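# Structural description and commentary
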Amino acid sequence: NLAQIGVTGLAVMGSNLARNLARHGYTVALHNRSIAKTDALLENHGDEGTFIRTESMADFVAALERPRRALIMVKAGDATDSVIEELADLMEPGDVIIDGGNSLYTDTIRREAAMSKRGLNFVGTGISGGEEGALNGPSIMPGGPAEAYESLGPLLESISAHVDGTPCCTHIGPNGSGHFVKMVHNGIEYADMQLIGEAYDLMRKALTMSTDEIADVFRQWNSGDLESYLVEITAEVLAQKDAETGKPLIDVIVDEAGQKGTGRWTVKSALDLGIPTTGIAEAVFARALSSSRDQRTAARDLASGKLAGAPTDRDRFVADINAALYASKVVAYAQGFDQIRAGSAEYDWNVDPGALATIWRGGCIIRAKFLNRIVDAYRDDPDLPSLLLAPYFREAVSAGLDSWRRVVATASTMGIPVPAFASSLSYYDGLRAERLPAALTQGLRDFFGAHTYKRVDKPGSFHTLWGEQTRTEVEV
Ligand code: NDP
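Just so we're clear, the structure is a prediction, and the values are computed from it rather than from any experiment.

Time to look at the overall build of the protein. When you go through the protein residue by residue, the secondary structure sums to 20 helices and eleven strands. With respect to the three principal axes, the spread of C-alpha positions in the protein is 85 × 65 × 45 Å. For the protein, the proportion of its 476 residues judged to be buried stands at 50%. Contacts in the protein between residues at least 24 apart in sequence constitute 66% of all its contacts with a sequence separation of at least 6.

Pasting the structure below:
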């Protein structure tokens, strides 16, 4: 008897996905570069389902039923390339290679093209939900040939998270689309976490609340509009005490945020596509600033220029922060979806934003009640120019606008950094502005570089002989 699917790469993610598959009744072939991980999995969890132990890649491929399906869960980058090559040499036309690692979407585009030349189906899939999700139901974002999804889809859908009976897995589109949307998902995750961090920091510094009090606020928020996995675990992280010192653990953790790169990739792609994904960019830069230890130490005695003290009404300001967090979160998602639509257009992927919001409702790190609203927004208007224009979000942001402004103003006068709250508000104001100073930018560009400009009153491109007294405008 052969395996319906094989997993190669049995570190945390691979072994948990293999167990998830086996628990759903699939026979799973196991392979890892070093046999120790394979044996550890079999020893600890071998009774959870039917596994086939293999040592060499050739045995692994031979253990798979046709068309073969092999899921790669190794380190992203060169390791993934070498495993793909090894597998491809052993496989036959029609077989399916699935890369479930966090690969850069341009690598996936390249790999899919190379594999399709060899008659192999290559599926690059985003998988979100971390270790726990991999075991109990992740959100899965597969990109690749539709033909491959026909045989692979049911299997992936069955092991994914489900919300209201709907699987958190759908065919995203061709080649790199799955990894692209997973990348933007991670970018949104960065923005979400930065916004939560700013909300926490304001309660801490502007309202001098204790960590336990702030944990309570997040717990309450998690039963309202902000209900989400990240808000839920924020309450838990803040409530945790350090076993050694008895202090809140958060106060013992060094305030330098790490990053593995998907946020940075999102911002690079946003720059290339010309999409102002400012919420995610601020989040990536905030992590970079936090990690600039030497500069931060040297800058500790810079003037604060504080203009105001703390808000007097604590409850009201906590409610303001809630509204600012919600509105800024809408902006971050609106920008992320703009980027997905731009990427989809650039690469001809035809990604359905509503279907994507549907599979992000469960399993993944950014899962939130809020996603239902995004699903509704795209169902009502698939061509929505911005999520901010959907009736529900338009209303919600407008209702919290005064609060949002008070939060940004207070943070500014008190000298508390809120890069994501503030830039999201500026984005909102920029988006709704009737006139922007871009007219001046165009004037300056034409002045020093003859870059031309357009006029509000007639079509065409124009150049001005700046400073001349007579008619100086030339149509170009
Ligand atoms: P790691 O990224 O730590 O990768 C370790 C695995 O890769 C081991 O099985 C290792 O084999 C194998 N490996 C490394 N180099 C090679 C190579 N040159 N040839 C063959 N195998 C190699 O494991 P994770 O489980 O954390 O992640 C797996 C993938 O999933 C990564 O791409 C990651 O980005 C992605 N991912 C991770 C998430 C997470 O929460 N951790 C969430 C979503 C995606 P060996 O045991 O022999 O060293």
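The next thing to look at is the site of the ligand. Among the 19 residues in the neighbourhood of the ligand, the closest are listed as Met13, Asn32, Arg33, Ser34 and Lys37. In this structure, Met13 approaches the ligand through a main-chain N or O atom, which is 2.9 Å from an oxygen atom. At 3.0 Å, a backbone N or O of Val74 approaches an oxygen atom of the ligand. When the ligand is considered free in solution it has 890 Å² of accessible area, and contact with the protein chains removes 76% of it. If you list the elements that add at least two residues to the shell around the ligand, you get helix H1 (12–23) and helix H4 (78–90). Grouping the amino acids of the shell around the ligand by side-chain chemistry returns ten nonpolar, six polar and three charged.

A word on the UniProt feature "domain: 6-phosphogluconate dehydrogenase C-terminal" (unreviewed entry) in the protein. Summarizing the sequence annotation, UniProt attributes the feature "domain: 6-phosphogluconate dehydrogenase C-terminal" (unreviewed entry) to residues 178–467 in the numbering used throughout. Across residues 178–467, the secondary structure splits into 63% helix and 1% strand, with the terminal C-alpha atoms separated by 53 Å.

What follows deals with the pairing of strand E1 (residues 5–8). Of the two faces of E1, the one carrying Ile5 and Val7 and the one carrying Gly6 and Thr8 are both buried. In this sheet, strand E2 (residues 28–31) lies alongside E1 in parallel orientation, the contact comprising four bridges. Bridging across to E2, Thr8 finds its partner in His31. The β-α-β motif built from E1, the intervening H1 and the parallel element E2 has right-handed crossover chirality. Looking at chain direction, E1 and strand E4 (residues 69–72) are connected through three bridges and run parallel. Residue pairing across strands places Thr8 opposite Ile72, the latter belonging to E4.

Turning to the environment of Tyr427, a few remarks are in order. Tracing the backbone through its elements, the reader meets Tyr427 in helix H19 (residues 419–432). For Tyr427, a relative accessible area of 13% gives the class buried. For the pair Tyr427 and Gly6, spaced 421 residues apart in sequence, the C-alpha separation works out to 46 Å. In contact with Tyr427, other than residues within four places in its own chain, are Pro276, Thr278, Val331, Gln335, Asp338 and Leu388.

The next point concerns the sheet that holds strand E6 (residues 121–128). As summarised here, the arrangement of the seven strands in space is E3-E2-E1-E4-E5-E6-E7, forming an open sheet in which the pairing is mixed. Strands with a single pairing partner mark the edges of an open sheet, and in this sheet they are strand E3 (51–53) and strand E7 (139–143). Neighbour-to-neighbour, the strand axes of this sheet turn through a mean angle of 25°, independent of strand direction. In this structure, E4 lies alongside strand E5 (residues 96–99), joined through four bridges in parallel fashion.

This next bit is on the packing of H4 against helix H5 (residues 105–117). Running from N to C, H4 and H5 point in directions that differ by 10°, and their axes come no closer than 12 Å. In terms of axis orientation, H4 runs roughly parallel to H5. Contacts from Thr80, Asp81, Ile84, Glu85 and Ala88 in H4 reach Arg110, Arg111 and Met115 in H5. Of the residues that constitute the contact of H4 with H5, the class distribution is three nonpolar, one polar and four charged.

Moving on to the side chain of Thr234. Along the chain, Thr234 turns up in helix H10 (residues 229–239). Among the residues examined, Thr234 registers a relative accessible area of 13% and is labelled buried. Excluding residues within four positions of it along the chain, Thr234 makes contact with Ile196 and Phe218.

Now for the packing of aromatic side chains. Inspection of every chain in the model, using the stated rule, returns 16 aromatic pairs. The interplanar angle of 35° and the centroid separation of 5.6 Å between the aromatic rings of Phe337 and Tyr378 together place this pair among those described as tilted. In this pair, Phe337 is assigned in helix H14 (residues 314–347) and Tyr378 in helix H16 (residues 370–380), connecting sequence segments 41 residues apart. Pairwise contacts between aromatic rings join Tyr326, Tyr333, Phe370, Tyr392 and Phe393 into one cluster. Taking NZ or CZ as reference, Arg287 lies 3.6 Å from the ring centre of Tyr190, over its face. The lysine or arginine in question, Lys329, covers the ring of Phe370, its NZ or CZ lying 5.3 Å from the ring centre.

With that settled, the discussion passes to the pattern of salt bridges. Scanning the entire structure with this criterion turns up 29 salt bridges. The residue Arg293 makes a salt bridge to Asp255 at a minimum N-O spacing of 2.6 Å. Of this pair, Arg293 sits in helix H13 (residues 293–298) while Asp255 sits in the loop between H10 and helix H11 (262–273), and the two are 38 residues apart along the sequence. Classification of Asp255 as partly exposed rests on a relative accessible area of 44%. Arg405 is paired through a salt bridge with Asp429; the nearest N and O atoms lie 2.8 Å apart. Placement of Arg405 in helix H18 (residues 401–414) and of Asp429 in helix H19 is noted, with a sequence separation of 24 residues between them. Here Arg405 falls in the partly exposed class, since its relative accessible area comes to 32%.

The rules we used
- Residues numbered from 1 in each chain as written.
- Predicted model: local features only at pLDDT ≥ 70, side-chain atom pairs only at ≥ 80, totals over all residues.
- Heavy atoms only, no water.
- Helix = DSSP H or I, 4+ residues; strand = E, 2+ residues; numbered from the N terminus.
- Buried < 20%, exposed > 50% of the residue type's maximum accessible area, 1.4 Å probe, protein only.
- Contact = heavy atoms within 4.5 Å.
- Near = heavy atom within 4 Å.
- Polar contact = N/O pair within 3.5 Å; in protein donor to acceptor, adjacent residues only side chain to side chain.
- Areas by Shrake-Rupley, 256 points an atom, 1.4 Å probe, with all protein chains shown as cover.
- Nonpolar A, V, L, I, M, F, W, Y, C, P; charged D, E, K, R; others polar.
- UniProt positions renumbered as here; feature names shortened; annotations may be inferred.
- Pairing = 2+ DSSP bridges.
- Right-handed = clockwise from strand over helix to strand, strands pointing away.
- Axes fitted to C-alpha atoms, helices over the stretch in contact; angles between N-to-C directions.
- Parallel < 35°, antiparallel > 145°, perpendicular 65-115°, else oblique.
- Phe/Tyr/Trp six-rings, centres within 6.5 Å; stacked < 30°, edge-to-face > 60°.
- Lys NZ or Arg CZ within 6 Å of the ring centre and 35° of its normal.
- Salt bridge = Lys/Arg side-chain N within 4 Å of Asp/Glu carboxyl O.

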